[in-house]
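Letter by letter, the chains look like this.
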Amino acid sequence: MQHYLLPKKKQRVDGPTNTCGASEEDSGDRDGFRNCKKTTTLLKSHDNSAGHKFAMQAWAEFKLQKIKGARIQHALDKKLSGPANDKYTHDDIQNEQLDIITGMIRKDISKEVMEAEHFALIVDETKDVSKEEQLSIVCYDGAAVMSGHISGIQVRFRREVSQAVYVHCYAHRFNLVLVDCVHNVQAAAEFFVTIQKLYKFFSTSVVHEEFLKVQKELEPVNQYIELKRLSNTRWAYQHAACLAVKRTFPAIVTILKRLVEGDNVYRVTESKGLCILLDQ
């Protein structure tokens, strides 16, 4: 819809007029464009200004993102445009939505790979809940399942991509060196064994529940802190595990002393053993 503002009656214009038919003195707003010539000059200046260029670039990026996002939104709208009482929380529907998103992400990645001259792939294996080894794209390591020269993943991959080069992650190798060095220092080895024993003991359901309660008693305003598991392939885990024990040490000692006086033979024995290790 267009709106037009028309004068009630034709007024006489005194003085010179510009090509737009208005007085050079009265044409336009006091702070606006005063004549057509000036308007053209200001518009050209605006087109070349940094602010205008930035705005146009942002608008172009917005339109591109809108196109990409529209594909996902369209797929979701098809599922979410039903009756108001439909929650669409069934696992089949959620899995279908995840499959749609996954397919779109894979398509975008494949397109980038095809357009690139070179690319790198970092993978690792991990165990699922059934303790079966599963391949995940995380990082290359030196395990036999990866580095094996007969049937390792790197051999199978190079059958498909002959120009691929297998490299055992140097950060991972350095971490393995650190772990081996620590294990050869008696005091350090015993220290980390104690850290791991504390993690296992305080992860049992009964002890873990008591562990959280005691933390709340001793530090009411602080958040719960969980003990961390050690990992020989991730040196940062060692630091996190030590830090967790340090911060919760008062709660650990309190619980061990309580359990030593309990009636559960297993927990009494374990608690006494851990108290001896901590006293050392």
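Note: the structure precedes this text.
Procedures and definitions
- Residue positions are given per chain, counted from 1 along the sequence in the order it is written.
- Totals for whole chains, interfaces and linings use all residues, but because this is a predicted model, local features are given only for residues with pLDDT of at least 70 and pairs of side-chain atoms are given and counted only at 80 or more.
- To get the side-chain values, take all heavy atoms of the structure and skip hydrogens and water.
- Helix and strand definitions here come from DSSP, where helices need a minimum of 4 consecutive H or I residues and strands a minimum of 2 consecutive E residues; each element is numbered from the N-terminal end.
- Only heavy atoms enter the contact rule, under which two residues are in contact if any of them lie within 4.5 Å.
- Like-charged residues within 9 Å of one another, or nonpolar side chains (Val, Leu, Ile, Met, Phe, Trp, Tyr) within 5 Å, are grouped into patches, provided each residue has over 30% relative accessible area and no salt bridge.
- What sets the accessible areas is the Shrake-Rupley method with a 1.4 Å probe; for residues, cover comes only from the shown protein chains.
- Note on definitions: salt bridges are taken to be side-chain nitrogens of Lys or Arg within 4 Å of carboxyl oxygens of Asp or Glu.
- To obtain each axis, a line is fitted to C-alpha atoms, and for helices this fit is confined to the stretch in contact; angles are then taken between N-to-C directions over 0 to 180 degrees.
- Crossings are classed by handedness, with left-handed meaning an anticlockwise turn of the near helix from the far one by less than a right angle and right-handed meaning a clockwise turn.
- Burial classification: accessible surface area is computed with a 1.4 Å probe over protein chains only, and a residue below 20% of its type maximum counts as buried, one above 50% as exposed, and the rest as partly exposed.
- Among the buried residues, those of types Ala, Val, Leu, Ile, Met, Phe, Trp, Tyr and Cys that are joined through side-chain atoms within 4.5 Å form a nonpolar core.
- Residue count minus one, scaled by 1.5 Å, sets the expected span of a helix.
- The arc in question is the one spanned by the directions pointing from the helix axis to the C-beta atoms.
- Throughout this description, a polar contact denotes any pair of N or O atoms lying within 3.5 Å of each other; where both atoms belong to protein, one of them has to be capable of donating a hydrogen while the other can accept it, and for residues adjacent in sequence the pair is counted only when both atoms sit in side chains.
- By convention, a stacked pair of Phe, Tyr or Trp rings (six-membered ring in the case of Trp) has centres within 6.5 Å and planes under 30 degrees apart, an edge-to-face pair has planes over 60 apart, and any other such pair is tilted.
- Between 65 and 115 degrees an angle is taken as roughly perpendicular, under 35 as roughly parallel, over 145 as roughly antiparallel, and anywhere else as oblique.
- Polar here means any residue other than Ala, Val, Leu, Ile, Met, Phe, Trp, Tyr, Cys and Pro, which are nonpolar, and Asp, Glu, Lys and Arg, which are charged; Gly is therefore polar.

Caption draft 1: Highlighting the overall build of the protein. Scanning the protein from terminus to terminus reveals 11 helices and 2 strands. Taken from the N to the C terminus, the helices and strands of the protein come in the order α-α-α-β-β-α-α-α-α-α-α-α-α. Within the protein, contacts between residues separated by at least 24 positions form 40% of all contacts whose residues are at least 6 apart in sequence.

Caption draft 2: Inspection of a nonpolar patch on the surface at higher detail. A cluster of nonpolar side chains, Val165, Val167 and Tyr170, forms an exposed patch at the surface whose accessible area comes to about 340 Å². With respect to the helices and strands, the residue Val165 is situated in the loop between α5 (153-160) and α6 (170-183).

Caption draft 3: Molecular detail of the packing of helix α7 (residues 186-202) against helix α10 (residues 249-260). Axis separation between α7 and α10 bottoms out at 13 Å; the angle between their running directions is 65°. You can see that α7 and α10 cross each other, and the crossing is left-handed. Across the interface between the two elements, Leu198, Phe201 and Phe202 of α7 pack against Ile252, Ile255, Leu256 and Leu259 of α10.

Caption draft 4: Region of interest: the pattern of salt bridges. Using the criterion set out here, one finds 3 salt bridges in the structure. The salt bridge involving Glu210 is made with Arg258; its shortest N-O contact spans 3.0 Å. Here the residue Glu210 occupies a position in helix α8 (residues 205-218), and Arg258 occupies one in helix α10, the gap between them amounting to 48 residues. The exposure class assigned to Glu210 is partly exposed, which follows from its relative accessible area of 26%. Of the charged contacts, one joins Glu217 and Arg258 as a salt bridge, the two residues approaching to 3.3 Å between their closest N and O atoms. Remark: Arg258 occurs in helix α10 and Glu217 occurs in helix α8; sequence separation between them is 41 residues. What makes Arg258 partly exposed here is its relative accessible area of 41%. Taken together, the shared-partner salt bridges in this structure form one network comprising Glu210, Glu217 and Arg258.

Caption draft 5: How the structure looks around the nonpolar core. Leu198, Phe201, Phe202, Phe211, Leu227, Ile252 and Ile255 are the most contacted members of the largest nonpolar core, which has 20 residues in total. Elements with a minimum of two residues in this core: α7, α8, α9 (235-247) and α10. With near-sequence residues (within four places) excluded, Ile252 lies in contact with Leu198, Phe202, Phe211, Leu227, Val245 and Leu278.

Caption draft 6: Up close: the environment of Arg267. When you line up the elements, Arg267 lands in helix α11 (residues 265-279). A relative accessible area of 23% places Arg267 in the partly exposed class. Note: C-alpha distance between Arg267 and Val207 (60 residues apart in sequence) is 8.8 Å. Setting aside residues no more than four positions away along its own chain, Arg267 makes contact with Phe201, Val206, Val207 and Leu259.

Caption draft 7: Highlighting α11. Its 15 residues give α11 an end-to-end C-alpha distance of 21 Å, which sits within 8% of 21 Å, the value for a rise of 1.5 Å per residue. Of all the positions in α11, only Val268, Ser271 and Leu274 are classed as buried. Projection of α11 onto a plane perpendicular to its axis shows the buried side chains occupying an angular sector of 135°, all on one side. Facing away from the buried side of α11 by more than 90 degrees, the exposed set consists of Val265, Tyr266 and Ile276. Of the residues that open α11, the one with a side-chain oxygen 3.1 Å from the backbone nitrogen of Tyr266 is Asn264.

Caption draft 8: The arrangement of the packing of aromatic side chains in detail. In the structure shown here, the tally under the stated rule is 3 aromatic pairs. Centroid distance Phe201 to Phe202: 5.6 Å. Interplanar angle 85°. Geometry classified as edge-to-face. Measuring from centroid to centroid gives 5.1 Å for Phe202 and Phe211, while their planes differ by 65°, and the two rings are edge-to-face. For the pair Phe202 and Phe211, one class covers both residues: buried. Chaining the aromatic ring pairs together yields one cluster made of Phe201, Phe202 and Phe211.

Caption draft 9: Main features of the packing of α8 against α10. Between α8 and α10, the least distance of the axes is 9 Å, while the angle of their chain directions is 125°. With respect to α10, the axis of α8 lies oblique. Helix-helix and strand crossings are classified by hand; for α8 and α10 the assignment is right-handed. Residues Val207, Glu210, Phe211, Val214, Gln215, Glu217 and Leu218 of α8 form the contact with α10, whose participating residues are Pro250, Ala251, Ile252, Thr254, Ile255, Arg258 and Leu259. Looking at side-chain class alone, the contact of α8 with α10 contains 9 nonpolar, 2 polar and 3 charged residues.

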